[in-house]
Amino acid sequence: MATAFDNPAAVRAWSDATRSAGRTIALVPTMGALHRGHLELIRAARQLADAVVVSIFVNPLQFGERGDFDHYPRPLDDDLRACDAEGVDVVFVPTAASMYPDGFATTVRVSGLTEAMEGAARPGHFDGVTTVVTKLLAATRPHAALFGEKDYQQLAVVRRLTADLDLGVDIVEHPTVRESDGLALSSRNRRLDDAQRRAARCVPKALAAGRDVATSDRSSVADVIEAATRAIDDEPLADLDYVAVFDAGNLRPIDRFEIDHRRAGRVRIAVAARFSDVRLIDNADLFAH
Ligand code: AMP
């Protein structure tokens, strides 16, 4: 059985004792409603460290829309069972009051990387993410923390944060885990009705359409964006939020392809789309084979 802690001080005491005993710790931060994507991160964490901590916290600071926060799924009993089945050592499920007690007044902000895409679409979102990630790392003091490529901008922002603040934690990325039809697993998928779930295939299709166009030597960034946009616009139940083609390192939008862009790892494409009040995001390497 995993040990559960509901406040930062308690998990910190466990972490200090674990470190003193010479054991290494890997953290998988989540908002719960665990799916196969989370479980893959947990399994990868197992390979990296002696003890695995999974945090489950629906962080109010990173939600702009009240409805999204209120409707975020919270199947805690299922999540605890899944953690037990995976051999997780510690489940950290802090209360909001223990994370943000009266008088809480600190914001951790990363500039630059947070401006485009999710930062532009969800004002304040990344301040909430970087503040809570800093607190989760301070409470659990892991040697490594695992993040999914599915939230590529978040991953880049967290890397910047931990480097800039000398937090001494290894940030490990994990590839996006997908359903058989290509849809990236997400806790929000369970809020889609059947028709919306079928429609949501247009998100990975848009990425694939962009990548197909990109493989032609004469294609422009505008051609790629147009192809991805069309894949979303062709789906009546989807509303496009954005398509972005961006530098994989600094996350800046790219206006035109330079010669050295056309290889794996340099340029990515991201899509955000809404299905009624459920918003999905996904991204991919534009030139990976
Ligand atoms: P969340 O609970 O959505 O905040 O996600 C917790 C962690 O799991 C984040 O690092 C996500 O990037 C990662 N994650 C979520 N969905 C997937 C997926 N389909 N594949 C890989 N990682 C994922």
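Note: the structure precedes this text.
Overview of the structure.

The rules behind the values
- Residues numbered from 1 in each chain as written.
- Predicted model: local features only at pLDDT ≥ 70, side-chain atom pairs only at ≥ 80, totals over all residues.
- Heavy atoms only, no water.
- Helix = DSSP H or I, 4+ residues; strand = E, 2+ residues; numbered from the N terminus.
- Rg over C-alpha atoms; globule rule 2.2 N^0.38 Å.
- Buried < 20%, exposed > 50% of the residue type's maximum accessible area, 1.4 Å probe, protein only.
- Contact = heavy atoms within 4.5 Å.
- Areas by Shrake-Rupley, 256 points an atom, 1.4 Å probe, with all protein chains shown as cover.
- Lys, Arg positive; Asp, Glu negative; His and termini not counted.
- Charge placed at Lys NZ, Arg CZ, Asp CG, Glu CD.
- Pairing = 2+ DSSP bridges.
- Axes fitted to C-alpha atoms, helices over the stretch in contact; angles between N-to-C directions.
- Near = heavy atom within 4 Å.
- Polar contact = N/O pair within 3.5 Å; in protein donor to acceptor, adjacent residues only side chain to side chain.
- Nonpolar A, V, L, I, M, F, W, Y, C, P; charged D, E, K, R; others polar.
- Phe/Tyr/Trp six-rings, centres within 6.5 Å; stacked < 30°, edge-to-face > 60°.
- Salt bridge = Lys/Arg side-chain N within 4 Å of Asp/Glu carboxyl O.

Attention now goes to the overall build of the protein chain. Counting secondary structure elements, the protein chain contains 11 helices and 9 strands. The C-alpha atoms of the protein chain give 19 Å as radius of gyration, which agrees with the globular expectation for 289 residues (19 Å, within 12%). Along the longest, intermediate and shortest principal axes, the C-alpha atoms of the protein chain span 60 × 40 × 40 Å. For the protein chain, the proportion of its 289 residues judged to be buried stands at 53%. Long-range contacts, defined as pairs at least 24 residues apart, comprise 74% of the intrachain contacts of the protein chain with a sequence gap of at least 6. Element-wise, carbon and sulfur atoms account for 48% of the exposed surface of the protein chain, whose accessible area totals about 13500 Å². Seen as two clouds, the 35 positive and the 43 negative side-chain charges of the protein chain have centres 2 Å apart.

Looking now at the sheet that holds strand S9 (residues 278-285). The 3 strands are arranged S7-S8-S9 in an open sheet whose pairing can be described as antiparallel. The strands lining the two open edges of the sheet, one partner per strand, are strand S7 (239-247) and S9. Shown here is a sheet whose adjacent strand axes are inclined to one another by a mean of 15°, direction ignored. Pairing of S7 with strand S8 (residues 267-275), which is carried by 8 bridges, proceeds in the antiparallel orientation. For phenylalanine 246, the partnering residue across the bridge sits in S8 and is arginine 268.

Another point: the side chain of threonine 176. The residue threonine 176 is located in the loop between strand S6 (170-174) and helix H9 (194-199) in this model. Excluding anything up to four places from it in sequence, threonine 176 contacts Glu149, Lys150, Ala184 and Asp282.

For the rest of this paragraph, the subject is the site of the ligand. If you check the shell around the ligand, you find 16 residues, and the closest are His38, Gly148, Asp151, Val177 and Leu185. Within the backbone of glycine 148, a nitrogen or oxygen atom sits 2.9 Å from an oxygen atom of the ligand. Valine 177 places a polar main-chain atom, nitrogen or oxygen, 2.8 Å from a nitrogen atom of the ligand. Isolated, the ligand exposes 480 Å² of accessible area, and the fraction of that covered by the protein chains is 93%. Among the elements of the structure, strand S2 (25-30), helix H2 (36-48) and strand S5 (144-148) are those that each provide at least two residues to the shell around the ligand. Taken together, the residues that form the shell around the ligand break down as 8 nonpolar, 6 polar and 2 charged.

Further remarks concern the side chain of histidine 261. Here histidine 261 shows up in the loop between S7 and S8. The exposure class assigned to histidine 261 is buried, which follows from its relative accessible area of 7%. A distance of 2.8 Å separates a polar atom in the side chain of histidine 261 from the backbone nitrogen of glutamate 258. Once you skip the residues sitting within four places of it in the chain, histidine 261 turns out to touch Ile254, Arg256, Arg266, Val267 and Phe287.

Inspection of the entire model under this criterion finds 6 aromatic pairs. On the numbers, 5.3 Å between centres and 70° between planes, the contact of phenylalanine 63 with phenylalanine 69 is edge-to-face. Take phenylalanine 63 and phenylalanine 69: they sit in the same class, and that class is buried. Judged by centre distance (6.0 Å) and plane angle (55°), the ring pair of tyrosine 152 and phenylalanine 246 falls under tilted.

A few words on the pattern of salt bridges. All told, the structure shown has 22 salt bridges when counted by the stated rule. In this structure, arginine 274 engages glutamate 65 in a salt bridge whose closest nitrogen and oxygen atoms are separated by 3.2 Å. Pair noted here: arginine 274 is in strand S8 and glutamate 65 is in the loop between strand S3 (51-56) and helix H3 (66-71), with a separation of 209 residues, a long-range link. Look at glutamate 65 and you get partly exposed, because its relative accessible area is 45%. The shortest N-O distance in the salt bridge between glutamate 258 and arginine 256 comes to 4.0 Å. Look at arginine 256 and you get exposed, because its relative accessible area is 58%.

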